[in-house]
Amino acid sequence: MSRLIEAVSYAARKHVHQRRKGANAEPYVNHVIDVAERVSRSPLADEDVVIAALLHDVVEDTDGTAADIALMFGDRVAGLVLEVTDDKSLPKARRKEVQEQTAGLKSDGAKRIKLADKASNLTALAESPPVYWEPSRSAAYVAWAERVVAGCRGIDPVLEAGFDTAAVRAKAALGL
Ligand code: ZN
């Protein structure tokens, strides 16, 4: 089995009980496939980065571990996943601050995953906003995503353009 298919299958099993917050409540795995598809559009992204994109929320949101990922997909993929994994021992607001402060320090591969992840989230916000989010919360999310992405710029024109398109769409959908 190809590593890519193995990664899709592993992500689908790990996220099996999760749904997205949006009104459509899509299966969570749709999100990680979307992020990986976006990353794969960059001519600068290699297979390890696409696989790490498929697995980018496994350690943060499931019982999967970096050690499991290293065994299955190698140390580089596990390292990329850890670079984009929030420290869950911190309160949510602090985790969001840390993302802003550390985005610029990440490897180029991790920056590509972050660019695609934020683009995916803003597209979801435009197409299927969480029903219980006030407009001000959505607006704050867009502004925060833009601040995180500011630290990821300068390395990947394709993924930056993809993020910018998603941000324009999200703002239009939210009337910002
Ligand atoms: Zn994500």
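Sequence order sets the numbering: in each chain, residues are counted from 1 along the sequence as written. Per-residue local features are limited, in this predicted model, to residues with pLDDT of at least 70; the limit for side-chain atom pairs, both in listing and counting, is 80 or more; totals at the level of whole chains, interfaces and linings are taken over all residues. Excluded from the side-chain calculations are hydrogens and water; all other atoms, namely the structure's heavy atoms, are used.

**Student:** Tell me about the environment of Tyr28, and please be specific about residues and values.
**Tutor:** Relative to the assigned elements, Tyr28 resides in helix 2 (residues 28–40). Accessibility expressed as a relative area gives 10% for Tyr28, which makes it buried. A 3.5 Å cut-off defines polar contacts: any pair of N or O atoms within that distance qualifies, except that in protein one atom must be a possible hydrogen donor and the other a possible acceptor, and neighbouring residues in sequence count only when both atoms are side-chain atoms. A polar atom in the side chain of Tyr28 sits 2.6 Å from the side chain of Asp57. Per the convention used, a helix needs a DSSP run of H or I reaching at least four residues, while a strand needs a run of E reaching at least two, with both numbered from the N terminus. Throughout this description, buried means an accessible area under 20% of the type-specific maximum (1.4 Å probe, protein chains only), exposed means over 50%, and partly exposed covers the range between.

**Student:** Mind laying out the layout of surface pockets, listing which residues take part and the relevant values?
**Tutor:** Here the largest pocket is characterised by a volume of approximately 940 Å³. In this analysis, the protein atoms alone were mapped onto a 1 Å grid. Cavities are point sets where a 1.4 Å probe fits without being able to get out; pockets are open sets with protein on both sides within 12 Å along at least five of seven lines; lining residues have an atom within 4 Å of a point. Every residue lining the largest pocket is counted, 38 residues in all, and those nearest its centre are Arg20, Lys21, Tyr28, Asn121 and Tyr141. Elements represented by at least two residues in the lining of the largest pocket include exactly helix 2, helix 4 (58–61), helix 7 (92–102), helix 8 (108–127) and helix 9 (135–150). With 10 residues, the top contributor of residues to the lining of the largest pocket is helix 8. Any residue outside Ala, Val, Leu, Ile, Met, Phe, Trp, Tyr, Cys, Pro, Asp, Glu, Lys and Arg is labelled polar, Gly included; the first ten of those are nonpolar and the last four are charged. Classifying every residue of the lining of the largest pocket by side-chain character gives 10 nonpolar, 10 polar and 18 charged. The calculated volume of the second largest pocket comes to roughly 170 Å³. Residue lining of the second largest pocket: 13 residues in total, with Arg38, Arg41, Ala119, Gly162 and Phe163 positioned closest to the centre. Sorting the residues of the lining of the second largest pocket by element identifies helix 8 and helix 10 (157–174) as the ones contributing at least two each. Grid points are joined across faces, edges and corners, and a volume is the space filled by probe spheres set on the points.

**Student:** Run through the coordination of the zinc ion, naming residues and quoting values.
**Tutor:** Protein-derived ligands of the zinc ion are His31 (NE2), His56 (NE2), Asp57 (OD) and Asp117 (OD), with the metal-ligand distances lying across 2.1 to 2.7 Å. The rule for donors is simple: an N, O or S atom within 2.8 Å of the metal counts, and for Na, K and Ca the reach is 3.2 Å. Water is not among the atoms, so a site may look short of donors. Under the classification used here, a metal with four donors is tetrahedral if each angle lies between 85 and 135 degrees, square planar if opposite donors are over 155 degrees apart and the others between 65 and 115, a six-donor metal meeting that same test is octahedral, and anything else is irregular. Geometry at the zinc ion is irregular, judged from the four donor atoms that bind it and their angles of 75 to 169° at the metal. Counting the intervening residues between successive donors of the zinc ion yields the motif H-x24-H-D-x59-D. Here Asp117 lies in helix 8 and His56 lies in the loop between helix 3 (47–54) and helix 4, a separation of 61 residues in the sequence. The burial state of His56 is the same as that of Asp117; both residues are buried.

**Student:** How would you sum up the packing of aromatic side chains? Please name residues and give values.
**Tutor:** Two aromatic rings from Phe, Tyr or Trp, using only the six-membered ring of Trp, form a pair when their centres are within 6.5 Å; if the ring planes differ by under 30 degrees the pair is stacked, by over 60 it is edge-to-face, and anything between is tilted. In total, this model carries three aromatic pairs according to the counting rule given. An angle of 55° between the planes, with centres 6.2 Å apart, marks the rings of Tyr10 and Phe73 as tilted. Note that Tyr10 is positioned in helix 1 (residues 3–14) and Phe73 in helix 5 (residues 66–73), a separation of 63 residues in sequence. Assessed through its relative accessible area of 4%, Tyr10 is described here as buried. Centroid distance Trp133 to Tyr141: 5.9 Å. Interplanar angle 50°. Geometry classified as tilted. The exposure class of Trp133 is buried, given its relative accessible area of 13%. Look at Tyr141 and you get buried, because its relative accessible area is 12%. Here the aromatic residues Trp133, Tyr141 and Trp144 are joined through ring pairs into a cluster of three or more.

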